[in-house]
2 protein chains.
Amino acid sequence: MAASLSEQVYEKLFDMIVQKELRPGDRLPPEKTLCEMYSVSRNTLRAALNKLSALGFTETRQGGGTFVKAVDSNVYLNFFVPALLTHNPDLLELMQLRKAIETEAARSAAVNASEEDTAKLRTTYEECGRQAAKMDMYALAAANTRFHAIISEISGNRMLETLMRIINRMILPEMQDFLARQGEDIDSNYYHRIIMESIERHKPDEAAFFMDKHLALLIDRVKQYISAEKEKQE
Amino acid sequence: MAASLSEQVYEKLFDMIVQKELRPGDRLPPEKTLCEMYSVSRNTLRAALNKLSALGFTETRQGGGTFVKAVDSNVYLNFFVPALLTHNPDLLELMQLRKAIETEAARSAAVNASEEDTAKLRTTYEECGRQAAKMDMYALAAANTRFHAIISEISGNRMLETLMRIINRMILPEMQDFLARQGEDIDSNYYHRIIMESIERHKPDEAAFFMDKHLALLIDRVKQYISAEKEKQE
DNA sequence: TTTAATATAGTTGTAGAACAACTTTCCCTT
DNA sequence: AAGGGAAAGTTGTTCTACAACTATATTAAA
């Protein structure tokens, strides 16, 4: 079950990009040259380049050349939107992934947080309180998301931060609907406070523990909500 | 700034899939027919099909045809990968992400593990022991990776599992080098055992706790190793 | 009749040549 | 030195041909 030729060429170019032999901004050799390098026809080679650019690794300009792209994750979010239309994303799996990442992020945040960081976090925490008081569930969900996003920023780990941004964007609409129908969201405020305080007091294990509990509870609520919806339909 | 022809064709086919005119499992018309439908050459059409399949919407079998794929969460990971790879993560950030995901995976694994699962896990655990005894550090690293991969499989969360696969692929070469220079790896065996036993006894919090400690220790070791290397260079 | 092997037609993968569309480079004119 | 324009270079598209693989239909055997 050998992979197709174009797939093999794709893998090679992919590896070169991943291994930083080709860096963002670099221009790939012209197609003719690449054809000779890999001993394939131009059709085959172009299929490989096509895949690279479809996945966002490269960008091709007619007459100009093919360039390695420096990707910011937001570009990919645009691709998500249509993808979401074709499939109800498994919300629970996503939320579990989120729990994994945020728990670790909270731990690191408690280690790294500066005065500035905690001030920003507290501001957003208070914003959440205001929106909750106003009972504006959509604004509340957005503020909650910001609160969590800030923690992942403070963590200082760009990978955690980027993944969180992506996951949040995927989850947010559904969470907003969920919250709007629930009508209220009391516990979040409590947990947010003790998570924030743990971070302020530089207590990594505490922060991680509360974050884990906070999100586990949220997942349970969503589970209950989903199964209640199912019963309603029967 | 008109989009290229192949891009236009891609958009049309994409819309048909999103709008459910083409449903998962459906076979697209043969390329010849599609060429006539859109009045483009086969190369151009194939560029469009290529993009669809690169993004995971379709699957093409040589001689068989092109079929619409049932989009599952793994599709989203196609978008994660570039974001992950081009962010130039350093090893420590990756390992922290790994710690986050594996800790959560261990927790779920302890909930879900069947008899079969734990048997498989134990087999791999023993394999690790054999390689350690033989002092074959490269084989040991590979076996260790399998051990962890199995846990993420048992978790039952496809997102965790796939992310782990990706991360492991990125980390493995560096971990092999690290282990080879360290010369030995005693603690892993101890932690693997208690993690495995926690999963066998269906103790989620225990499994998570030990996994977290196991990987935190590993990260510390790598940190020491890196700073020692730096000193050596001065 | 059913089944299995085989031939046939249909479909995708790869190759190569040719030209169109667009960009970059270089040279010439001013 | 600056601007304009020709020339060379590069990617986009078309066309033809064949290889590699699959699905279907036909035929022969049980």
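Everything quoted here is computed from the prediction, not taken from an experiment.

J.: Explain the nonpolar core here, please?
T.: Nonpolar side chains tend to gather and get buried jointly when the protein is soluble and globular. Formed by 84 residues in total, the largest nonpolar core has its most connected members in Ile151 and Ile199 of chain A together with Ile151 and Ile199 of chain B. If one sorts the elements of this core by residue count, helix H8 (residues 158–182) of chain A sits on top with 11 residues. Sequence-distant contacts of isoleucine 199 of chain B, defined by excluding residues within four places in its chain, comprise Ala106, Ala109, Ala110, Ala113, Thr118, Leu121, Ile151 and Ala207 of chain B. Core analysis: the second largest hydrophobic core is formed by 36 residues, Phe14, Ile17, Val40 and Leu49 of chain A among them.

J.: How should I be thinking about the pairing of strand S2 (residues 65–68) of chain B in this particular structure?
T.: The side-chain alternation of S2 of chain B yields two buried faces, one formed by Gly65 and Phe67 of chain B and the other by Thr66 and Val68 of chain B. Between strand S1 (residues 58–61) of chain B and S2 of chain B, which follow one another and run antiparallel, lie three residues, and glycine 63 of chain B among them has a positive phi close to 80°.

J.: Please explain the domain arrangement of chain A as it appears in this structure.
T.: Frequently, the measure chosen for interface size is the accessible area that the parts lose on association. Partitioning chain A into structural domains gives domain 1 (5–68) and domain 2 (75–233). Computed over C-alpha atoms only, the centres of domain 1 of chain A and domain 2 of chain A are separated by 39 Å.

J.: What is the right way to look at the pairing of strand S1 (residues 58–61) of chain A in this model?
T.: Remember that side chains alternate between the two faces of the sheet whenever the strand is regular. The pairing of S1 of chain A with strand S2 (residues 65–68) of chain A spans four bridges and is classified as antiparallel. Residue pairing in the sheet places glutamate 59 of chain A in a bridge with phenylalanine 67 of chain A of S2 of chain A.

J.: Even after reading the chapter, I still don't get the protein's contact with DNA strand C, so can you show me in this structure?
T.: Inspection of the region around DNA strand C gives 23 residues, with Leu5, Ser41 and Thr44 of chain A together with Arg42 and Arg46 of chain B positioned closest. Restricting the count to atoms of DNA strand C within 4 Å of the protein gives a sugar and phosphate share of 69%. Note that a sugar or linking oxygen of DNA strand C is positioned 3.4 Å from one of the side-chain N or O atoms of glutamine 62 of chain B. Contributions of two or more residues to the surface near DNA strand C are made by helix H1 (5–18) and helix H3 (42–54) of chain A together with helix H3 (42–54), S1 and S2 of chain B.

J.: Whenever I open this one, the packing of helix H5 (residues 91–112) of chain A against H8 of chain A confuses me. Can you help?
T.: A packed helix pair is summarised by two numbers, namely the angle formed by the two axes and the spacing between the axes. All names here are of chain A. Between H5 and H8, the least distance of the axes is 10 Å, while the angle of their chain directions is 140°. Judged by the inter-axis angle, H5 sits oblique to H8. H8 is crossed by H5, and the crossing has left-handed handedness. Between H5, through Leu91, Leu94, Met95, Leu97, Arg98, Ile101, Glu102, Glu104 and Ala105, and H8, the contact on the second element is made entirely by Leu160, Leu163, Met164, Ile167, Asn168, Met170, Ile171, Glu174 and Met175. Of the residues belonging to the contact of H5 with H8, the class tally is 13 nonpolar, one polar and four charged.

J.: Would you mind going over the packing of aromatic side chains with me for this structure?
T.: Aromatic ring pairs are defined here through the distance separating the ring centres and the angle between the ring planes. Tallied over the full model, the rule gives 10 aromatic pairs over all chains. On the numbers, 5.1 Å between centres and 80° between planes, the contact of phenylalanine 178 of chain B with tyrosine 225 of chain B is edge-to-face. Placement of phenylalanine 178 of chain B in helix H8 (residues 158–182) and of tyrosine 225 of chain B in helix H10 (residues 204–233) is noted, with a sequence separation of 47 residues between them. In this structure, phenylalanine 178 of chain B and tyrosine 225 of chain B share a single accessibility class: buried. The aromatic ring of tyrosine 10 of chain A is capped on one face by lysine 51 of chain A, whose charged end is 4.6 Å from the ring centroid.

J.: Would you mind going over the protein's contact with DNA strand D with me for this structure?
T.: Around DNA strand D, a shell composed of 22 residues is seen, among which Arg46 of chain A together with Leu5, Ser41, Asn43 and Thr44 of chain B lie nearest. Among all atoms of DNA strand D positioned within 4 Å of the protein, those belonging to sugar or phosphate total 70%. In this structure, a phosphate oxygen belonging to DNA strand D sits 2.8 Å away from a side-chain N or O atom of arginine 46 of chain A. Interatomic distance of 2.6 Å between a side-chain N/O atom of threonine 44 of chain B and a phosphate oxygen of DNA strand D.

J.: Looking at this structure, how should I read helix H6 (residues 115–134) of chain B?
T.: The α-helix advances 3.6 residues per turn, and as a result positions three or four apart in sequence lie on the same side. Residue and element names in this part refer to chain B. The end-to-end C-alpha distance of H6 is 29 Å, a good match for the 28 Å that 20 residues give at a rise of 1.5 Å each. Looking at H6, one finds that the buried residues are Thr118, Leu121, Thr124, Tyr125, Cys128 and Gln131. Around the axis of H6, the buried residues are gathered within 140° of arc, so they sit on the same side. The exposed set on the far side of H6, more than 90 degrees from its buried face, consists of Glu115, Glu116, Ala133 and Lys134. Backbone geometry just after H6 places methionine 135 at a positive phi near 60°.

J.: Whenever I open this one, the confidence of the model for chain A confuses me. Can you help?
T.: Detailed reading of the predicted coordinates is not advisable wherever pLDDT is low. On average, residues of chain A score 85 in pLDDT, and 88% of them are at 70 or above. Within the model, the stretch residues 73–87 of chain A combines pLDDT values under 50 with 39 contacts to residues more than four positions away or in other chains.

J.: Can you walk me through the side chain of threonine 66 of chain B in this structure?
T.: Residues and elements named next belong to chain B. Residue position: threonine 66 is located in strand S2. Within the structure, the side chain of threonine 66 is placed 3.1 Å from the side chain of threonine 60, a separation counted as a polar contact. Leaving out residues up to four positions away in the same chain, threonine 66 has contacts with Asp26, Arg27, Leu28, Leu49, Thr58, Glu59 and Thr60.

J.: Explain H3 of chain A here, please?
T.: The terminal C-alpha atoms of H3 of chain A lie 18 Å apart, and with 13 residues this matches the ideal 18 Å at 1.5 Å per residue to within 8%. Looking at H3 of chain A, one finds that the buried residues are Thr44, Leu45, Ala47, Ala48, Leu49, Asn50, Lys51, Leu52 and Ala54 of chain A. Buried positions along H3 of chain A lie against H1, helix H2 (31–38), S1 and S2 of chain A together with H3 of chain B. Glycine 56 of chain A occupies a position one or two residues after H3 of chain A and carries a positive phi of about 90°.

J.: In this structure, what is going on with the environment of asparagine 112 of chain A? I would like to understand it.
T.: Residues and elements named next belong to chain A. Here asparagine 112 shows up in helix H5. Asparagine 112 gets classed as partly exposed once you look at its relative accessible area, which sits at 41%. Note: C-alpha distance between asparagine 112 and isoleucine 154 (42 residues apart in sequence) is 6.8 Å. In contact with asparagine 112, other than residues within four places in its own chain, are Asp117, Ile154, Ser155 and Gly156.

Thresholds, definitions, all that
Residues numbered from 1 in each chain as written. Chains lettered and ligands numbered in written order. Predicted model: local features only at pLDDT ≥ 70, side-chain atom pairs only at ≥ 80, totals over all residues. Heavy atoms only, no water. Core = buried A, V, L, I, M, F, W, Y, C linked by side-chain atoms within 4.5 Å. Buried < 20%, exposed > 50% of the residue type's maximum accessible area, 1.4 Å probe, protein only. Helix = DSSP H or I, 4+ residues; strand = E, 2+ residues; numbered from the N terminus. Contact = heavy atoms within 4.5 Å. Pairing = 2+ DSSP bridges. Domains from an automatic or database assignment. Near = heavy atom within 4 Å. Polar contact = N/O pair within 3.5 Å; in protein donor to acceptor, adjacent residues only side chain to side chain. Axes fitted to C-alpha atoms, helices over the stretch in contact; angles between N-to-C directions. Parallel < 35°, antiparallel > 145°, perpendicular 65-115°, else oblique. Left-handed = near helix turned anticlockwise from the far one by under 90°. Nonpolar A, V, L, I, M, F, W, Y, C, P; charged D, E, K, R; others polar. Phe/Tyr/Trp six-rings, centres within 6.5 Å; stacked < 30°, edge-to-face > 60°. Lys NZ or Arg CZ within 6 Å of the ring centre and 35° of its normal. Expected span 1.5 Å × (residues − 1). Arc of directions from axis to C-beta. pLDDT = per-residue confidence, 0-100.

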